[in-house]
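# Overview (structure and organization)
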Amino acid sequence: MAKRYLSKEWKESMALRLDYNNMMSEFVGEEQGYTKKDIDKLKPMAAAALKKLADERGKGWLGWMDLPFNQKEVVAEINKTAKEIRKTAKNFVVLGIGGSALGPIAVFQALCHLHYNDLSPKLRKGPKFYVEDNVDPERMAALLDVIEPEKTVFNVITKSGSTSETMTQYLIIYNILKEKLGDKAKDHIIATTSSNAGNLIKLAKAEGFKTFYIPDGVGGRFSELCPVGLLPAAVLGIDIAEMLAGAAYQDKVARNKNVYANPALMNAILQYLAMKDGKNISVMMPYADGLKYFADWYCQIWAESLGKEVDNDGKVVREGQTPVKSLGVTDQHSQVQLYVEGPFDKVVTFLAVDKYRTEVKIPEGCEDIPDVHFLCGHTMNELISAEKKATEYALTVKNKVNHTINLPEINAFTIGELLYYFEMETAFEGEFLNVNTYNQPGVENGKNATYAMLGRRGYEAKKQELDSAPAKKDDYIIG
């Protein structure tokens, strides 16, 4: 059967759209909005960013740009492994944190049944799925209450093999597996890690784990389109080749030198203008439960990539825009009051869907209550779309900048597009801000402090630094 993503017409029908009307002064006023003149002034900066990314494509930490094109053999091996797992395992558990967890969670929520784990095995057609993205001891205990480890495949994901949280999870789980299964414990572990460096690859070779590799030039928050995200997706029955085809389509769009035909580049320009205008909060608000955890994934890639103390020239700049996750319609009843009537310090990004995967009609009833009966004869689809438009309107008439990314529908192709779109927008923004998009020194300092407190060898100086910090005062502790 021919794959639909091979059709040029179908791919074009699935292209995401950026509607930035409500970023413009014509709609939100001259004081808060922007003009074509403002955008055109930044065309040289945009052209320079495009050229630099093109010149450095695939080099250094830009290996993620090649992922839509260079994984044919990897995809085949992943699909083969996933098929075997679906036949034998009752559960599939990702052990990871950060980019190793947020991407798989976002794609699972987007492309699987919203109550997937509650479905019968016949309807699921695959194992139950869990992502252990924390080290809360109650969370680990709760997982072990609902799964049988001997009927579970665990995917340990860490490029370095020194991520404390992930390796803690691994140590606990592998110990349980060895106690229950002995030499067969290794058959329940799949390692996704570096092919040539770090602790996990050494363990994988020593123990005989099935292994998939994270390419050298792919960092955690840009890793969803490599085995980090592709293996869990394939186990869930998602067409990962279609996901990559969506990313490849968006890659072509993102190379367009015309800023008015390049959504990721245009949005990066508008966000740059907004940041320089003091709008230092970026609200991500999907109007689909399937896209709920895309807001979480976005928060990591936007915050960790752009929040930097110094720029590439060593100058202290303290750049970045604070991402905030929200959900339509849910947060119209909480956060939206602030967004509409609060400070002019936010840009709101709506994620909208043209066609939901199901339609639910609102039946007749409450004929004697006009305030309720008016809903009858409509659909939930109409209601959620109207609520999005109403929130957009409420923001716009209060001169609050906002824009919408529209997906024709939610499927593997459009999710691949959306992932790559945000990766490109982030890469463009990093170039505009002249920061290192791919490091995270603030994160590393916290990691090092944790290592020191738990007695890791080589961190004695950091431990001494922590021990010499001023002691907390009881006067400032109440209760």
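Preceding this paragraph is the structure being described.
To start, this report covers the structure provided alongside it.

Criteria and cut-off values
In this convention, every chain numbers its residues from 1, walking through the sequence in written order. Local features in this predicted model are restricted to residues whose pLDDT is 70 or higher, and side-chain atom pairs enter the listing and the counts only when it is 80 or higher, whereas totals over whole chains, interfaces and linings include all residues. The side-chain values count all of the structure's non-hydrogen atoms but skip hydrogen atoms and water molecules. Patch building starts from residues that exceed 30% relative accessible area and form no salt bridge, then joins like charges within 9 Å and nonpolar side chains (Val, Leu, Ile, Met, Phe, Trp, Tyr) within 5 Å. All accessible areas in this document rest on Shrake-Rupley with a 1.4 Å probe, and a residue is counted as covered only by the protein chains that are shown. For this document, the term salt bridge refers to a Lys or Arg side-chain nitrogen within 4 Å of an Asp or Glu carboxyl oxygen. Helix numbers and strand numbers start at the N terminus; a helix is a DSSP run of H or I with at least 4 residues, a strand a run of E with at least 2. We call a residue buried when its accessible area falls under 20% of the maximum for its residue type, exposed when it is over 50%, and partly exposed in between, using a 1.4 Å probe and counting protein chains only. Here the expected span of a helix is defined as 1.5 Å times the quantity of residues minus one. What makes two strands pair is DSSP finding at least two bridges between them. Convention adopted: a line fitted to C-alpha atoms gives each axis, helices being fitted over their contacting stretch, and angles between N-to-C directions are expressed from 0 to 180 degrees. Should any heavy atoms of two residues lie within 4.5 Å, those residues are considered in contact.

Attention now moves to a nonpolar patch on the surface. A surface patch of nonpolar side chains, about 330 Å² in accessible area, is lined by M453, L454 and L466. When you line up the elements, L466 lands in helix α20 (residues 460-467). Residue classification places L466 among the partly exposed residues on the basis of a relative accessible area of 31%.

The end-to-end C-alpha distance of helix α6 (residues 99-111), which contains 13 residues, comes to 18 Å, matching closely the 18 Å that a straight helix rising 1.5 Å per residue would cover. α6 sits mainly inside the fold: 13 of its 13 residues count as buried.

Its 13 residues give helix α14 (residues 294-306) an end-to-end C-alpha distance of 18 Å, which sits within 8% of 18 Å, the value for a rise of 1.5 Å per residue. All of the buried residues along α14 are F294, A295, D296, W297, Y298, C299, Q300, I301, W302, E304, S305 and L306.

Our next topic: the sheet that holds strand β4 (residues 152-157). Overall, parallel pairing links the five strands, which are arranged β3-β2-β4-β5-β6 in an open sheet. Since the sheet does not close on itself, it has two edges, and those belong to β3 (128-132) and β6 (210-213), each with one partner. The average undirected angle you get between the axes of adjacent strands in this sheet is 20°. Each of β2 (91-95) and β3 touches helix α8 (residues 137-146); the most contacted strand, β3, lies at about 165° to it. Sheet contacts for helix α11 (residues 227-235): β2, β3, β4, β5 (189-193) and β6; angle to β2, the most-contacted strand, approximately 165°.

What follows deals with the environment of E364. For E364, the location among the structural elements is in the loop between β11 (346-353) and α16 (370-373). Overall, E364 belongs to the exposed group, its relative accessible area being 54%. Setting aside residues up to four positions removed in sequence, E364 forms contacts with H373, C376 and G377.

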